[in-house]
Amino acid sequence: MNLVDSHCHLDDKQFEEDREAVIERAQAAGVERFLAIGTGDGPPDLEAAIRLADRYPFIYATVGVHPNDVAKATDETFDRLKDLLSHSKTLALGEIGLDYHWDSPPDMQRPAFIRQLEMAQSARKPIVIHTRDAWSDTIQILRDNYRGGGIFHCFTSGPAEAKEALDLGFHLSFGGVLTFPKAEQVREAARMVPLDRLLVETDAPYLAPAPHRGKRNEPAFVLDTTRKLAEIRGMEPTELAAATTRNFERLCLRYTG
Ligand SMILES: [Zn+2]
Ligand SMILES: [Zn+2]
């Protein structure tokens, strides 16, 4: 098995005590690379993932201002982001997007999202999108402001939304929710995504897949989601792992193969 966890918060405090062991367990499960999400506790610290990527050759980083942290961002934040985007281990800008579930003001979220879309586009880096209770605004902003690649992370909508994201050229990344009994719509979406647009992730430490549901999530559990996704699509897990890894390389590492 050659897996990539396309979205994990390895910097999270929940991993402070045993991060080495967490990484080793993931490697034993077949996870060869990690995309560490750099949003951390929000600005002014933008380097949560870069610190890890600098230490481990197999960990890559994103940088970005999460929609729930936009109130902490200043012009200086965005200047600094631009610099960090050119770091050799920074593969993408994210997670960025819209989240209307919590109390972060939508009127601040939208301009910050657009500003970061423009930044990603000029840096020619893909984006990692977080969207929660804000589907139509997210799609509209992308349609109007972005021409480039990216990932809808932790995709938890149905086939109609999947089609909208695919039509814009995006990859869809599935996580633990795929394994939840009530997530039939998500599984239906996962069935229809072309094989070359699929990714797998944990979003660790959040949303652990069955049979670990309710516990702290960790990158090793991406194997459980991969198995479930393979089952849904009638494939061998190794075959699915190889495809999602190829997709990650093509999108984020710009391999031509
Ligand atoms: Zn997210
Ligand atoms: Zn996340």
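These numbers were taken from a predicted model, which means no experiment stands behind them.

Draft legend 1. The arrangement of the state of the cysteines in detail. Here the structure, examined in full by the defined rule, presents zero disulfides. There is no disulfide at Cys-252, and the cysteine sulfur nearest it, in Cys-8, is 12 Å away. Residue class for Cys-252 comes out buried when judged on its relative accessible area of 5%.

Draft legend 2. Region of the structure containing the nonpolar core. Among the nonpolar cores identified, the biggest contains 73 residues, and Ile-59, Ile-127, Leu-142, Phe-152, Leu-172 and Phe-174 are the most heavily contacted of them. When neighbours within four sequence positions are excluded, Phe-174 is seen to be in contact with Phe-155, Val-186, Ala-189, Ala-190, Val-193, Leu-198, Leu-199, Val-200, Glu-201 and Thr-225. With 13 residues, the next largest nonpolar core counts Val-4, Ile-37, Leu-91 and Cys-252 among its residues.

Draft legend 3. View of the coordination of the zinc ion (ligand 2). Bound to the zinc ion (ligand 2) on the protein side are His-7 (NE2), His-9 (NE2), Glu-95 (OE) and Asp-203 (OD), at distances that span 2.1 to 2.4 Å. Note that the zinc ion (ligand 2) binds four donor atoms; their angles at the metal cover 88 to 178°, and the shape is irregular. Between consecutive donors of the zinc ion (ligand 2), the numbers of intervening residues give the motif H-x1-H-x85-E-x107-D. Between the zinc ion (ligand 2) and the zinc ion (ligand 1) the interatomic distance comes to 3.5 Å, and Glu-95 is a ligand of both metals. Of the two residues, Glu-95 is situated in strand E4 (residues 90–99) and Asp-203 in the loop between strand E8 (198–200) and helix H8 (222–233); the sequence distance between them amounts to 108 residues. Take Glu-95: its relative accessible area is 2%, and that puts it in the buried class.

Draft legend 4. Structural context of the side chain of Thr-62. Tracing the backbone shows Thr-62 in strand E3 (residues 59–63). Residue Thr-62 is classed as buried on the basis of its relative accessible area, which comes to 0%. A distance of 3.0 Å separates the side chain of Thr-62 from the backbone nitrogen of Gly-38, its partner in a polar contact. Engagement of the side chain of Thr-62 in a polar contact is seen with the backbone oxygen of Gly-94, the distance being 2.8 Å.

What counts as what
- Residues numbered from 1 in each chain as written.
- Chains lettered and ligands numbered in written order.
- Predicted model: local features only at pLDDT ≥ 70, side-chain atom pairs only at ≥ 80, totals over all residues.
- Heavy atoms only, no water.
- Disulfide = S-S within 2.5 Å.
- Buried < 20%, exposed > 50% of the residue type's maximum accessible area, 1.4 Å probe, protein only.
- Core = buried A, V, L, I, M, F, W, Y, C linked by side-chain atoms within 4.5 Å.
- Contact = heavy atoms within 4.5 Å.
- Donors = N, O, S within 2.8 Å, 3.2 Å for Na, K, Ca; no water.
- Tetrahedral: all angles 85-135°; square planar, octahedral: opposite > 155°, others 65-115°.
- Helix = DSSP H or I, 4+ residues; strand = E, 2+ residues; numbered from the N terminus.
- Polar contact = N/O pair within 3.5 Å; in protein donor to acceptor, adjacent residues only side chain to side chain.

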